[in-house]
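# Summary of the model geometry
Listed below, chain by chain, are the residues.
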Amino acid sequence: MADRKIPAPLPNLETKPYWEAAADGKLLYKKCSACGEPHFYPRANCPFCFSDRTAWQQASGDGVIYTYSVMRRGAPEPYAIAYVTLAEGPTMMTNIVDCDLDGIRIGQKVKVVFKPSDGGPPVPCFAPA
Ligand SMILES: [Zn+2]
């Protein structure tokens, strides 16, 4: 099955380090230095306590599928969109790739893989671990 064409992400000042790390094959999230909570997506202010003392952390790339949906219409190839809970705690929206879409299960262990985008930085997706 062909990989689906992923539109290029548009990095901004807040997300530039995230996409630069992705180009190096690293998945980042943020952790608040004030309350200690990790979060995703990365942003300047902690979504739990609103502190601006947030710091970049490198994720292991290990995660578990929290939920998913297989999209079979509106794209040339079917694809799976999912929420994956990272080993570090935060949950991120992503795609499940490199597998039989009918074999995907909630609770399945997955590992980050970076897929090229259409003229932008590579995009973190997840494949069965
Ligand atoms: Zn906080």
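For the structure, check the block above.
From a predicted model like this one, the values you see are computed outputs, not experimental measurements. (Residues numbered from 1 in each chain as written. Predicted model: local features only at pLDDT ≥ 70, side-chain atom pairs only at ≥ 80, totals over all residues. Heavy atoms only, no water.)

### A look at the nonpolar core
One finds Tyr-18, Leu-27, Val-84, Leu-86, Met-92, Ile-96 and Phe-126 to be the most contacted residues of the largest nonpolar core, which totals 25 residues. At the level of elements, α1 (16–23), β2 (28–32), β6 (79–86), β7 (91–96), β8 (109–115) and β10 (123–128) are the ones that each hand at least two residues to this core. (Core = buried A, V, L, I, M, F, W, Y, C linked by side-chain atoms within 4.5 Å. Buried < 20%, exposed > 50% of the residue type's maximum accessible area, 1.4 Å probe, protein only. Helix = DSSP H or I, 4+ residues; strand = E, 2+ residues; numbered from the N terminus.)

### Points about the packing of aromatic side chains
Counting across every chain of the model gives two aromatic pairs. Consider the rings of Tyr-18 and Trp-19, whose centres lie 4.9 Å apart with planes at 85°: the pair is edge-to-face. For the pair shown, Tyr-18 and Trp-19 are each scored as buried. When the centroid spacing of 5.8 Å and the interplanar angle of 65° are considered together, the rings of Tyr-18 and Phe-40 count as edge-to-face. (Phe/Tyr/Trp six-rings, centres within 6.5 Å; stacked < 30°, edge-to-face > 60°.)

### Some points on the environment of Ile-81
Position of Ile-81 relative to the elements: it lies in strand β6. When its relative accessible area of 28% is taken as the criterion, Ile-81 is described as partly exposed. Once the C-alpha coordinates of Ile-81 and Met-93 are considered, the two residues, twelve residues apart in sequence, prove to be 7.3 Å apart.

### A word on the coordination of the zinc ion
Tetrahedral coordination by four donors puts the ideal angle at the metal at 109.5 degrees, and octahedral coordination by six puts it at 90 or 180 degrees. Taken together, the protein donors to the zinc ion comprise Cys-32 (SG), Cys-35 (SG), Cys-46 (SG) and Cys-49 (SG), at separations of 2.3 Å. Metal-centred angles of 106 to 115° between the four donor atoms at the zinc ion mark the site as tetrahedral. Look at where the donors of the zinc ion fall in the sequence and you get C-x2-C-x10-C-x2-C. Assessed through its relative accessible area of 1%, Cys-46 is described here as buried. (Donors = N, O, S within 2.8 Å, 3.2 Å for Na, K, Ca; no water. Tetrahedral: all angles 85-135°; square planar, octahedral: opposite > 155°, others 65-115°.)

### Some thoughts on the sheet that holds strand β4 (residues 54–58)
Strand order in the open sheet formed by three strands is β3-β2-β4, with antiparallel pairing between adjacent strands. Each edge of the sheet is formed by a strand with only one pairing partner; in this case those strands are β3 (38–39) and β4. In this sheet, β3 lies alongside β2 in antiparallel orientation, the contact comprising two bridges. Looking at the pairing, Lys-30 lines up with His-39 of β3. (Pairing = 2+ DSSP bridges.)

### Remarks on the side chain of His-39
Structurally, His-39 can be placed in strand β3. Note on His-39: relative accessible area 2%, which makes it buried.

### Some details on the environment of Lys-111
Summarising the element assignment, Lys-111 is placed in strand β8. Separated by 17 residues in the primary sequence, Lys-111 and Thr-94 have C-alpha atoms spaced 12 Å apart. Looking at Lys-111, its side chain comes within polar contact range of the main-chain oxygen of Ser-60, at 3.2 Å. Looking at Lys-111, its side chain comes within polar contact range of the side chain of Asp-62, at 3.1 Å. (Polar contact = N/O pair within 3.5 Å; in protein donor to acceptor, adjacent residues only side chain to side chain.)

### Structural notes on the pattern of salt bridges
For the structure on display, the rule yields five salt bridges. Residues Arg-72 and Asp-102 are paired through a salt bridge, measuring 2.8 Å at the closest nitrogen-oxygen approach. You can see Arg-72 sitting in the loop between β5 (62–71) and β6 and its partner Asp-102 sitting in the loop between β7 and β8, a full 30 residues away along the chain. The same class applies to Arg-72 and to Asp-102, which are both exposed. Linking Asp-98 and Lys-115 is a salt bridge whose minimum nitrogen-to-oxygen distance equals 2.9 Å. Linking Asp-98 in the loop between β7 and β8 with Lys-115 in strand β8, this pair joins segments that are 17 residues apart in sequence. Judged by its relative accessible area of 48%, Asp-98 falls in the partly exposed class. (Salt bridge = Lys/Arg side-chain N within 4 Å of Asp/Glu carboxyl O.)

Any link to function would need more than the numbers given here.
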